[in-house]
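# Overview (structure and organization)
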Amino acid sequence: MKLIDKLNETLTYLQARGVGKVDLGLILGSGLGELADEINSTVRIDYANIPHFQKTTVTGHAGCLIYGELSGKQVLLMQGRFHFYEGYSMAEITYPVRLMTKLGARGLIVTNAAGGVNAAFKPSDLMLISDHINYNGQNPLIGENAEAFGTRFPDMSAAYDKEYRQIAKKAASQLDIDLVEGIYMFFSGPSYETPAEIRFARTIGADAVGMSSVPEVIVARHSGLRVLGISAISNYASGMQGTLDHSEIISITEKIKPKFKELIKQILEELD
Ligand code: HPA
């Protein structure tokens, strides 16, 4: 089945359930999905019921699509995302971004938990993503180009919108939240990186590492969506301190949640 036909089926399903025009899409990572509780006049649908959606398989990642009003914007929010390490194809992972585009989204906010590579970062910091390194070797745009969405060779020289970043910095300072800034490097996972890989990541310019977001951002940029990315630094990356454990990462993101929610809401107020 062609992408466009799948999208039309999904759209028909969602529209029948009250999903309307979207200003901004949000994809919320590990443990950060609670923001959805603050959305007004909510439509909430489990991924399992949505045609052509996948299921999330990871603890700490819910699987719910939520539509409604937040900070004066119509948002379509993914509470939990699909990861490459779950065995999904790049097309499956990025399908919701195509959907957001079809619903009219002008911008996409991606959030994730990430390991801090920059020695100046500490767990519980929030990092504004200034750029990424797609180290995964895969690209979600490989294959026949979806001409209806964008060009064969999309520009990535300003993937993370400069104005959105300015807005995020201003919002953080208004709320007295420290917001560091840096480059996010995408590893496929699910194993965490080795200390040698982290030294390599630092050497080539990464400030944080994680297992998500980059595919969605590439697809969003293919269609000209403006992108804002925020990483919740949940741990020192491999080799920088002790061993890594998913449950510890979840518990740090729990702590970050309140300031993270406030920041995103404030940013949404200011975005156009
Ligand atoms: N590495 C990769 N992904 C992650 C990490 C990490 O250290 N922390 C949270 N997600």
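Report on the accompanying structure. No experiment lies behind these values; they were computed from the predicted model shown.

In this section: the overall build of the protein. The number of helices and strands found in the protein is six helices and nine strands. By principal-axis analysis of the C-alpha atoms, the protein measures approximately 50 × 40 × 35 Å. Looking at the protein as a whole, 54% of its 272 residues qualify as buried. In the protein, 82% of the contacts between residues at least 6 apart in sequence involve partners at least 24 apart. Averaging the coordinates of the 26 positive side-chain charges in the protein and doing the same for the 31 negative ones gives two points 2 Å apart.

A few words now on the pairing of strand S5 (residues 107–116). Within a regular strand, the side chains alternate between the two sheet faces. Counting buried residues in S5 gives 10 out of 10 residues, a clear majority hidden from the surface. Here strand S1 (residues 24–28) runs beside S5; their pairing, made up of four bridges, is parallel. Within S5, the position partnered with Ile27 by the bridge is Val110. Inspection of the sheet shows S5 paired to strand S9 (residues 226–236) by 10 bridges, in the parallel sense. Across the sheet, Gly116 pairs through a bridge with Tyr236, a residue of S9. Bridging between S5 and strand S8 (residues 208–210) involves two bridges; their strand directions are antiparallel. Bridge pairing links Gly115 to Val209 in S8.

Time to look at the pattern of salt bridges. Within the structure shown, the criterion is met by 16 salt bridges. Between Lys261 and Glu38 there is a salt bridge; the shortest N-O distance is 3.5 Å. Here Lys261, found in helix H6 (residues 246–270), pairs with Glu38, found in the loop between S1 and strand S2 (40–46); they are 223 residues apart in sequence, far enough to count as distant. Residue Glu38 is classed as partly exposed on the basis of its relative accessible area, which comes to 27%.

Moving on, we come to the site of the ligand. In the vicinity of the ligand, the residues found are Ala113, Ala114, Gly115, Tyr192, Glu193, Val209, Gly210, Met211, Ser234, Asn235, Leu244 and Ile249. With respect to the ligand, the backbone of Gly115 contributes an N or O atom lying 3.3 Å from a nitrogen atom. Take Ser234: an N or O atom from its side chain is 3.5 Å from a nitrogen atom of the ligand. In the complex, 95% of the free accessible area of the ligand, which totals 260 Å², lies under the protein chains. When residues of the shell around the ligand are traced back to their parent elements, those giving at least two are S5, S8 and S9. Per-element accounting of the shell around the ligand gives the leading share, three residues, to S5. Split into classes, the residues belonging to the shell around the ligand amount to seven nonpolar, four polar and one charged.

Turning next to the side chain of Glu193. Here Glu193 is to be found in the loop between strand S7 (179–186) and helix H4 (195–203). Although Glu193 is buried, it forms no salt bridge, and the closest oppositely charged side chain is Arg202 at an N-O distance of 11 Å. Sequence-distant contacts of Glu193, that is, excluding residues within four places in its chain, are made with Phe187, Ile198, Val209 and Ser238.

Another aspect to go through is helix H3 (residues 162–174). When the terminal C-alpha atoms of H3 are compared, their 18 Å separation across 13 residues agrees well with the 18 Å that a helix rising 1.5 Å per residue should span. Taken as a whole, H3 has its buried residues at Tyr164, Arg165, Ile167, Ala168, Ala171 and Ala172. Down the axis, H3 shows its buried residues gathered within 160° of arc, on one side only. Exposed residues pointing more than 90 degrees away from the buried face of H3 are listed as Lys162 and Ser173. Elements in contact with the buried residues of H3: S1, S5, strand S6 (126–134), S7, S9 and H6. For H3, the N-terminal capping position is held by Asp161, with its side-chain oxygen 3.1 Å away from the main-chain nitrogen of Glu163.

Below, the discussion takes up the nonpolar core. Judged by nonpolar contacts, the single largest core of 47 residues is most densely connected at Leu14, Ile50, Phe53, Leu65, Leu76, Met78 and Leu108. Contact partners of Leu76, with chain neighbours within four places excluded, come to Val19, Val22, Leu24, Gly25, Leu26, Leu65, Ile66, Tyr67, Met100 and Leu103. In terms of nonpolar packing, the next biggest core, distinct from the first, is built from 32 residues, Ile167, Ala168, Ala172 and Ile256 among them.

This part is about the environment of Asn139. Within the secondary structure layout, Asn139 lies in the loop between S6 and H3. Residues Asn139 and Pro215 lie 76 residues apart in sequence; the distance between their C-alpha atoms is 6.8 Å. Leave out the neighbours within four places in its chain, and Asn139 touches Met90, Asn134 and Ile218. Polar side-chain contacts of Asn139 include one of 2.9 Å to the backbone nitrogen of Leu141.

What counts and how
Residues numbered from 1 in each chain as written. Predicted model: local features only at pLDDT ≥ 70, side-chain atom pairs only at ≥ 80, totals over all residues. Heavy atoms only, no water. Helix = DSSP H or I, 4+ residues; strand = E, 2+ residues; numbered from the N terminus. Buried < 20%, exposed > 50% of the residue type's maximum accessible area, 1.4 Å probe, protein only. Contact = heavy atoms within 4.5 Å. Lys, Arg positive; Asp, Glu negative; His and termini not counted. Charge placed at Lys NZ, Arg CZ, Asp CG, Glu CD. Pairing = 2+ DSSP bridges. Salt bridge = Lys/Arg side-chain N within 4 Å of Asp/Glu carboxyl O. Near = heavy atom within 4 Å. Polar contact = N/O pair within 3.5 Å; in protein donor to acceptor, adjacent residues only side chain to side chain. Areas by Shrake-Rupley, 256 points an atom, 1.4 Å probe, with all protein chains shown as cover. Nonpolar A, V, L, I, M, F, W, Y, C, P; charged D, E, K, R; others polar. Expected span 1.5 Å × (residues − 1). Arc of directions from axis to C-beta. Core = buried A, V, L, I, M, F, W, Y, C linked by side-chain atoms within 4.5 Å.

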